[in-house]
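Chain residues, written in single-letter form:
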Amino acid sequence: MWADGTVWLEPEVLFSGPRQAFEFPQINYKKFSMKKYTYAYALGLNHFIPDRICKLNVKTKETWVWQEPDSYPSEPIFVASPDAVDEDDGVILTVVVTPGAGQRPAYLLILNAKDLTEVARAEVETIIPVTFHGMYKP
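One structure accompanies this document, and this report is about it. Keep in mind it's a predicted model, so treat the numbers as computed, not measured.

Rules used in this analysis
- Note on numbering: residues in each chain are counted from 1, in written sequence order.
- Reporting of local features is limited, given that this is a predicted model, to residues whose pLDDT is at least 70; pairs of side-chain atoms are given and counted only at 80 or more, and all residues count toward the totals for whole chains, interfaces and linings.
- Water and hydrogen atoms were dropped before computing side-chain values, which therefore reflect all heavy atoms in the structure.
- Relative accessibility decides the category of a residue: with a 1.4 Å probe and only protein chains considered, values under 20% of the type maximum give buried, values over 50% give exposed, and everything between is partly exposed.
- What counts as a helix is a DSSP run of H or I of at least four residues, what counts as a strand is a run of E of at least two, and both are numbered from the N terminus.
- Between any two strands, pairing holds if DSSP finds at least two bridges.
- Stacked, tilted and edge-to-face are the three classes assigned to paired rings of Phe, Tyr and Trp, where Trp is represented by its six-membered ring and a pair needs centres within 6.5 Å; plane angles under 30 degrees give stacked, over 60 edge-to-face, the rest tilted.

**Focus on the pairing of strand S4 (residues 63–66)**
Argument step 1. Only one face of S4 is covered, namely the face carrying Trp 64 and Trp 66; the face carrying Thr 63 and Val 65 is uncovered.
Argument step 2. When strand S3 (residues 49–57) meets S4, the two strands line up antiparallel, connected through four bridges. By the bridge assignment for S4, Lys 55 is matched with Trp 64.
Argument step 3. Hairpin connection of S3 to S4: five residues between the antiparallel strands, including Lys 61 at a positive phi of 70 degrees.

So this is what it looks like as C-alpha cells:
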C-alpha cells in the first residue's frame, strides 16, 4: 500500500503447466483473510477436467497433489483444526464423483491439509452430479 492509501498489484505466476489449471483457490480464511499466507488449496484441471486437488506453497511454489484414476473432485474447502497452531493444521473437504463401472458413484473425501494424505472418505450410494463448487458452514 502506498502512503496515499492506494494499492498497487503486480502479477506473479505461482502455478503453471501445459494445459493445467489451479482453480477455485482456498486458504485458511479464518486466520489469514486479508493477511499474508503461505498455503493455497485448489481444484486442479487438466484440459478443463477437474481431476485433482492441489496444495501450493505460494512462497516456494512447492506443490502437493491428491489424484486417483477416474475420480473428479469438487472445489476443496479448508477446515481448520479446533486447536490449530500452524496455518495448514486442518483438513480439506471435497466431494468426489467416480463414474466408472463397479465403483460407488460419489464420496466425501477428507484430506490432511498438511500433505494431502487421505484421512477418510464417506461413500454414498447415490448419483451426485459433477460440480466445481463446494461449501462448508460451521
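**Focus: the packing of aromatic side chains**
Argument step 1. Under the defined criterion, the tally for this structure stands at two aromatic pairs.
Argument step 2. Seen in terms of ring centroids, Tyr 39 and Trp 64 are 6.2 Å apart; in terms of plane orientation they differ by 65 degrees. Their pairing is edge-to-face. Remark: Trp 64 occurs in strand S4 and Tyr 39 occurs in strand S2 (residues 39–46); sequence separation between them is 25 residues.
Argument step 3. On the basis of relative accessible area, Tyr 39 is assigned to the buried category, the value being 18%.

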